[in-house]
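Commentary on secondary and tertiary structure
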Amino acid sequence: MKASSEPFAFPLIALEETDSTNQYLIQLCNEQGNATPEFTTVTAQFQSSGKGQRGNSWESEPGKNLLFSFVAYPTFLPARRQFILSQIASLAVKEELNRWSNDFFIKWPNDIYYREKKIAGMLIENDLNGAYIGRSICGIGLNLNQETFLSDAPNPISLKQITGKEADRDEILANIMKRLQIYYNGLRMEDFDTFAAEVSARYARSLFRRRGYHPYEDANGRFQARLLRVEQDGHFVLEDEDGEERSYLFKEVQYVL
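So, here's what we can say about the structure. (Residues numbered from 1 in each chain as written. Predicted model: local features only at pLDDT ≥ 70, side-chain atom pairs only at ≥ 80, totals over all residues. Heavy atoms only, no water.)

**Examining the sheet that holds strand S9 (residues 221-230)**
Operational definition: Note: two strands are recorded as paired if DSSP finds a minimum of 2 bridges between them. Strands here mean DSSP runs of E at least two residues long; helices mean DSSP runs of H or I at least four residues long; both are numbered from the N terminus.
Reading across the sheet, the five strands line up as S11-S10-S9-S8-S12 and stay open at both edges, with antiparallel pairing between neighbours. Since the sheet does not close on itself, it has two edges, and those belong to strand S11 (245-248) and strand S12 (254-255), each with one partner. In this structure, strand S10 (residues 236-240) lies alongside S11, joined through four bridges in antiparallel fashion. Paired with Phe236 across the two strands is Tyr248, which belongs to S11.

The structure is reproduced here in structure tokens:
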């Protein structure tokens, strides 16, 4: 990344290349016995084995996009409420992108879409300590300046393709992390239930295809349904054309795009 005019507010490890920023940060935290400072951020110009939800690979031209991971220690957060970490991470990315254009949405659980095309994805790996979360590592891939995508991914798009302008990766990374810290501190310092309800409401308003009937596919095949809600534990609740509620966890249902 090019040098920023302002110092980055969190501990930063900038790599030219790694297999995965998540794996690098996991190994670092394990070696240091989780003494790695909270919000330590690892960036890479290129990832050879970047992963997303469902085990998908993440295509990124070297030096063009934003590939980073950060660590948090939300030991105050019950394991049953871990989905809120996914909500605040996706909101932080979406709300930063909203500065540059409109029509960004969160595709459950935490992909970021521009209209019908994917601009960002993330993978959150939580380690539990009894009934609470001991450590959370979140990896995010955000397409910023890539203009040609060569993989068989069906629908990638970059911010430059949307705006026609080169995006400043340093600026966007710094802003995303600042937004994340604000959300995270809110979880820790505010009345949790009230703040979590506000986060959930923002998340619900930001969801991809939140109105109308759309095609989905589960283990039994394709069907049409409308989104009813996303529950506190991350369950994705749909209502099909017969009026039947269908509730899913991650990987149990897919959007048909």
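Further notes follow.
**Concerning the side chain of Asp111**
Rules: Should any heavy atoms of two residues lie within 4.5 Å, those residues are considered in contact.
Among the secondary structure elements, Asp111 is positioned in strand S5 (residues 111-114). Excluding residues that lie within four positions of it along the chain, Asp111 makes contacts with Phe105, Ile106, Lys118, Ala120, Gly121 and Met122.

**Describing the state of the cysteines**
What counts is decided by this rule: Sulfur atoms of two cysteines make up a disulfide when they are within 2.5 Å. For each residue, the accessible area found with a 1.4 Å probe, counting protein chains only, is set against the maximum for its type, and the residue is called buried under 20%, exposed over 50%, and partly exposed in between.
Under the counting rule described, the total for this entry stands at zero disulfides. Just so you know, Cys29 is unpaired, no disulfide at all, and the nearest cysteine sulfur is the one on Cys138, 13 Å from it. The exposure class of Cys29 is buried, given its relative accessible area of 0%.

**Considering unusual backbone geometry**
Here the bond from Trp108 into Pro109 is cis, since omega is 5°, no more than 30 degrees from zero. With respect to the secondary-structure elements, Pro109 resides in the loop between strand S4 (104-107) and S5. Even without a glycine there, the phi angle at Phe39 is positive, about 70°. With respect to the secondary-structure elements, Phe39 resides in the loop between helix H1 (21-31) and strand S2 (41-47).

**Some points on the sheet that holds S4**
Threshold: Axis definition: a line fitted to C-alpha atoms, limited for helices to the stretch in contact. Angles are taken between N-to-C directions and run from 0 to 180 degrees.
In spatial order, the strands read S1-S2-S3-S7-S6-S5-S4; together these seven strands make up an open sheet with mixed pairing. Edge positions in the sheet fall to strand S1 (12-18) and S4, since each of these pairs with one other strand and no more. Here the strands of the sheet are splayed against their neighbours by 20° on average, with no regard to which way each runs. As judged from the seven bridges shared by strand S3 (residues 66-72) and strand S7 (residues 132-142), these two strands associate in the antiparallel manner. Directly across from Phe68, in S7, lies its bridge partner Ile140. Against the sheet, H1 touches S1, S2, S3, strand S6 (117-129) and S7, its axis set at about 150° to S7. Along the sheet face, helix H2 (residues 83-97) touches S4, S5, S6 and S7 and points at about 150° away from the line of S6.

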